[in-house]
Amino acid sequence: MWAYSFMQHALLSGLIIATICGIISVFVVLRRVAFATHALGHMSLTGAAGSALLGSSMITGQLTLNLICAVIMGLMGNKIKKNDLAVGVVLTFVLGLGAYFLFLFQNNYAGGVMSILFGNILAVSLAQIYLLLALSMIILIILLIIARPLLFASIDPIVASSKNVHLRFLSVVFFMLLALTVSMACQIVGALLVFVMLIIPGAIGIQWGNTIFKITAISVIVANFSVVLALIIAYYFNLPVSFCITSILSFAYIIRPLSSKLQKFFISIS
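Residues numbered from 1 in each chain as written. Predicted model: local features only at pLDDT ≥ 70, side-chain atom pairs only at ≥ 80, totals over all residues. Heavy atoms only, no water.

Novice: Which parts of the structure should I look at to understand the overall build of the protein chain?
Specialist: Scanning the protein chain for helices and strands turns up 10 helices and 0 strands. Traced from its N-terminal end to its C-terminal end, the protein chain shows the element sequence α-α-α-α-α-α-α-α-α-α. Across its three principal axes, the protein chain shows a C-alpha extent of roughly 60 × 50 × 35 Å. Buried positions account for 47% of the 270 residues belonging to the protein chain. Partitioning the intrachain contacts of the protein chain with sequence separation of at least 6 by distance along the chain shows that 77% fall at a separation of at least 24. Just so you have it, the protein chain exposes about 13,500 Å², and 72% of that area is on carbon and sulfur atoms. (Helix = DSSP H or I, 4+ residues; strand = E, 2+ residues; numbered from the N terminus. Buried < 20%, exposed > 50% of the residue type's maximum accessible area, 1.4 Å probe, protein only. Contact = heavy atoms within 4.5 Å. Areas by Shrake-Rupley, 256 points an atom, 1.4 Å probe, with all protein chains shown as cover.)

Below you can see the structure in the form of structure tokens.
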């Protein structure tokens, strides 16, 4: 099946995005900005639909709107964790606008609506792979520069602030990186399911790892494994790739708590 060019493109783009999502998701979980990540994923729907209406590429609209929203969220700093209502109100308005764009969009391109909502990794072109690779390099380079202070600020922002770490600047930069990652991940799982790629790998890494390096490594491995396995299952069983990815990651997440409960059960009856 890997002899087909569309499967090769799907594999390459999937591995690129899975690697970045695996890294970013660790910081999403540590910083407890899951809802903001969820909001960015849904806001990208509006950006993609609006861009498609204007005849531009969907990822251009996603990047533009997500970066604008990311800067606003980043400027809010730690307050964003306490302002779910404000984020929810903005998200509702943007989603309403996105619904209107989709209404106009589907009259001419009904198939494109599904690709925005659920992604279409099997339709990724070579040009898109180059774009994803360029965005990934940008994200990785910036992460390498800010990794230490970002980790410090994510784990203990109060102590980091006392050590003159620029929390607001790091927050803005991180949310911009998150916006880039969301726009990339939407190419695989779509705007509705992007939340999965940016939460579960990091959560699984924290379940099994005890250092930041082990947590990140586990997160990246799990994300990449889910993409490869999902492509194989989707190819042979004619299933949506995004559905397979979310199912595999969700199952992987419950392994640890399920094994702990089974272990306690067997200990109690022995």
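Novice: Is there a simple way to explain the layout of surface pockets in this structure?
Specialist: The rolling of a water-molecule-sized probe over the atoms marks out the regions of remaining empty space. Volume-wise, the largest pocket comes out at about 370 Å³. Surrounding the largest pocket, Ile23, Phe27, Leu140, Leu143, Leu144, Ala147, Arg148, Leu151, Ile212, Phe213 and Thr216 form its lining. Those elements that place two or more of their residues in the lining of the largest pocket are α1 (5–31), α6 (126–155) and α9 (212–237). Looking at the lining of the largest pocket residue by residue, the classes come out as 9 nonpolar, 1 polar and 1 charged. (1 Å grid on protein atoms, 1.4 Å probe; cavity = no way out; pocket = protein on both sides within 12 Å on 5 of 7 lines; lining within 4 Å. Points joined across faces, edges and corners; volume = space filled by probe spheres on them. Nonpolar A, V, L, I, M, F, W, Y, C, P; charged D, E, K, R; others polar.)

Novice: Got a minute to help me understand the environment of Ile158 in this structure?
Specialist: Considering the arrangement of structural elements, one finds Ile158 in helix α7 (residues 157–162). Residue classification places Ile158 among the exposed positions, given a relative accessible area of 71%. A sequence separation of 137 residues divides Ile158 from Cys21, and the C-alpha atoms of the two residues are 27 Å apart.

Novice: Just to check I follow, could you spell out the nonpolar core for this structure?
Specialist: Nonpolar side chains in soluble globular proteins generally cluster together in the buried interior. The biggest cluster of nonpolar side chains holds 74 residues, and the ones touching the most others in it are Ile24, Phe174, Phe175, Leu178 and Ile245. If you list the elements that add at least two residues to this core, you get α1, α2 (34–53), α3 (58–76), α4 (84–106), α6, α8 (167–208), α9 and α10 (241–269). Residues in contact with Ile24, not counting those within four places in the same chain, are Ile139, Leu143, Phe174, Leu177, Leu178, Thr181 and Leu198. (Core = buried A, V, L, I, M, F, W, Y, C linked by side-chain atoms within 4.5 Å.)

Novice: Quick question: what am I supposed to make of α10 here?
Specialist: Three- or four-residue spacings in an α-helix give side chains the same orientation, since the helix completes a turn every 3.6 residues. If you check α10, its first and last C-alpha atoms are 41 Å apart, about what 29 residues at 1.5 Å a residue would give, namely 42 Å. Its maximal kink placed at Ile255, α10 deviates by approximately 35°, while the proline Pro257 follows within four residues. Among the residues making up α10, those that are buried are Val241, Ser242, Cys244, Ile245, Thr246, Ile248, Leu249 and Ala252. (Expected span 1.5 Å × (residues − 1). Bend = angle between axes of the 7 residues up to and from the residue.)

Novice: Before we go on, may I ask you to explain α6 in this structure?
Specialist: Where α6 bends most, the angle comes to about 65°, and this point is Ile146, followed within four residues by the proline Pro149. Those residues of α6 that sit buried are Ile129, Leu132, Leu135, Ser136, Ile139, Leu143, Ile146, Leu150, Ala153 and Ser154.

Novice: Can you help me understand the packing of α2 against α3 in this one?
Specialist: Geometry of a packed helix pair, given as the angle between the helix axes and the separation of the axes. For the pair α2 and α3, the least separation of the axes is 7 Å and the interaxial angle reads 140°. Considering the angle they form, α2 stands oblique to α3. For the crossing formed where α2 meets α3, the hand is right-handed. Contacts from Ala36, Ala39, Leu40, Met43, Ser44, Thr46, Gly47, Ala48, Ser51 and Ala52 in α2 reach Met58, Thr60, Gly61, Gln62, Leu65, Asn66, Cys69, Ala70 and Met73 in α3. In the contact of α2 with α3, the residues fall into 11 nonpolar, 8 polar and no charged. (Axes fitted to C-alpha atoms, helices over the stretch in contact; angles between N-to-C directions. Parallel < 35°, antiparallel > 145°, perpendicular 65-115°, else oblique. Left-handed = near helix turned anticlockwise from the far one by under 90°.)

Keep in mind that these numbers describe shape and distance, not what the molecule does.
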